[in-house]
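Report on the structure
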Amino acid sequence: MVTKKPPAKVAPVKRRTPKAEQTINVSVAAPVPVKTEVKKDESTVGKIIGLIEWVDNPFKLFTVILLGFLVFAGYFAWDSRQVILQAITSQDKMPQLAKQENLLAPARSLMKDVDGLVVLIHKANLATNSRTTVLALNADGSREKSMEGTVTSLFNASADRNAAMVAMLNNEVLCEEFNPSSKVGEWGVKQGVKFMCRGSIPPDMGKFAGYIAIGFKEKPEDIAALKTRINLAATDLSEE
């Protein structure tokens, strides 16, 4: 008789519960931008280009123009300081222009003799840097009263005007191509003026009551004779 062996006991298998997956957050730092220094162009051309790039609206443009005018005026005043200062300090001793009724005859005679287009007589006040147009004549000798009484500056941003002022303070008659820098000057251009001569009244060193300006269509041939005639007229236009 065969005895059957009981079946072997098998230990139960323990199932492992799968562990939850762990998420590891790894933050990667953003790359730090490397600053590249742009070397500025310190040359004159570079500065000009930088200024042009800076001017991006009308206000900045106006600022640049204003600063340019102030720098130019300051330089000119410094360069001509002795002439201007001497004239201002002797302002009280200056002769005066003749009365308006006594200005007409010498001014008309000058215009006729030299064949001018316009004649202008300005009264000067160096202390206030102003001039007053007291007489304006057309080519036919008639008065242009709309210009008379006009007040503008003696020295301004016009290089031509400033050079003429210094020349007259030094007792010179300056004749040159004409570029208007005032309302009266623009009127002269409308009359056909392209060349202008200016002379001090009276024509004496250190005396400056005002000046006479005569305009021409073109440059006269004999400038030396013209300057002499202007000085003669300027003498008649003043009261000592």
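In what follows, the structure referred to is the one given above.
As a starting point, this report considers the structure included with it. Computed from a predicted model, the values in this text were never measured in an experiment. (Residues numbered from 1 in each chain as written. Predicted model: local features only at pLDDT ≥ 70, side-chain atom pairs only at ≥ 80, totals over all residues. Heavy atoms only, no water.)

This paragraph deals with the overall build of the chain. When helices and strands are tallied, the chain shows seven helices and eight strands. Within the chain, the fraction of its 240 residues that count as buried is 37%. (Helix = DSSP H or I, 4+ residues; strand = E, 2+ residues; numbered from the N terminus. Buried < 20%, exposed > 50% of the residue type's maximum accessible area, 1.4 Å probe, protein only.)

This next bit is on the state of the cysteines. Taken as a whole, this structure holds one disulfide when the rule is applied. With a sulfur-sulfur separation of 2.1 Å, C175 is cross-linked through a disulfide to C197. One quick way to see it: the torsion about the S-S bond of C175 and C197 is about 120°, and its sign makes the bridge right-handed. Highlighted residues: C175 in strand β5 (residues 174-177) and C197 in strand β6 (residues 195-201), separated in sequence by 22 residues. (Disulfide = S-S within 2.5 Å.)

Our focus in this paragraph is helix α5 (residues 159-169). Owing to its 3.6 residues per turn, the α-helix brings residues three or four apart onto one side. A large share of α5 lies buried, amounting to eight of its 11 residues. Those residues of α5 not exposed but buried are R161, N162, A164, M165, V166, A167, M168 and L169. Phi turns positive, to about 65°, at N171, one or two residues after α5.

It is worth spelling out the nonpolar core at this point. Ranked by internal contacts, the top residues of the largest apolar core, which has 28 residues, are V119, I121, C197, I212, I214, L226 and I230. If you list the elements that add at least two residues to this core, you get α4 (100-114), β2 (118-125), β3 (130-137), β6, β7 (210-216) and α7 (223-236). Once residues within four sequence positions are removed from consideration, V119 is found in contact with A107, M111, L135, A136, L137, I212, A213 and I214. In this structure, A124, L126, M147 and F178 belong to the second largest nonpolar core, which totals 20 residues. (Core = buried A, V, L, I, M, F, W, Y, C linked by side-chain atoms within 4.5 Å. Contact = heavy atoms within 4.5 Å.)

Think of two packed helices as two axes; the pair is described by the angle between the axes and how far apart they sit. For the pair α4 and α7, interaxial distance at closest approach is 9 Å and the crossing angle is 170°. Compared by their axis directions, α4 and α7 come out roughly antiparallel. Residue-level contacts link P106, S109, L110, D113 and V114 of α4 to L226, R229, I230, A233 and D236 of α7. Residues of the contact of α4 with α7, tallied by class, amount to six nonpolar, one polar and three charged. (Axes fitted to C-alpha atoms, helices over the stretch in contact; angles between N-to-C directions. Parallel < 35°, antiparallel > 145°, perpendicular 65-115°, else oblique. Nonpolar A, V, L, I, M, F, W, Y, C, P; charged D, E, K, R; others polar.)

This part takes up the pattern of salt bridges. Scanning all chains against the criterion turns up three salt bridges. Among the salt bridges present, the one from R143 reaches E148, with a minimum N-O distance of 2.7 Å. R198 is paired through a salt bridge with E176; the nearest N and O atoms lie 3.2 Å apart. One end of the pair, R198, is in strand β6; the other, E176, is in strand β5, and 22 residues separate them in sequence. Relative accessible area serves as the criterion here: at 7%, R198 is assigned to the buried category. (Salt bridge = Lys/Arg side-chain N within 4 Å of Asp/Glu carboxyl O.)

Before going further, it helps to spend a moment on the sheet that holds strand β4 (residues 151-153). The sheet built from six strands is open, its strands ordered β4-β3-β2-β7-β6-β5 with antiparallel pairing. Pairing within the sheet leaves two strands with one partner each, and these edge strands are β4 and β5. Between one strand and the next, the sheet's axes are offset by a mean angle of 30°, whatever the strand orientation. Of the strand pairs in this sheet, β2 and β3 are connected by seven bridges, and their pairing is antiparallel. Bridge pairing links I121 to L135 in β3. Its contacts with the sheet put α7 on β5, β6 and β7, and the angle it makes with β6 is roughly 40°. (Pairing = 2+ DSSP bridges.)

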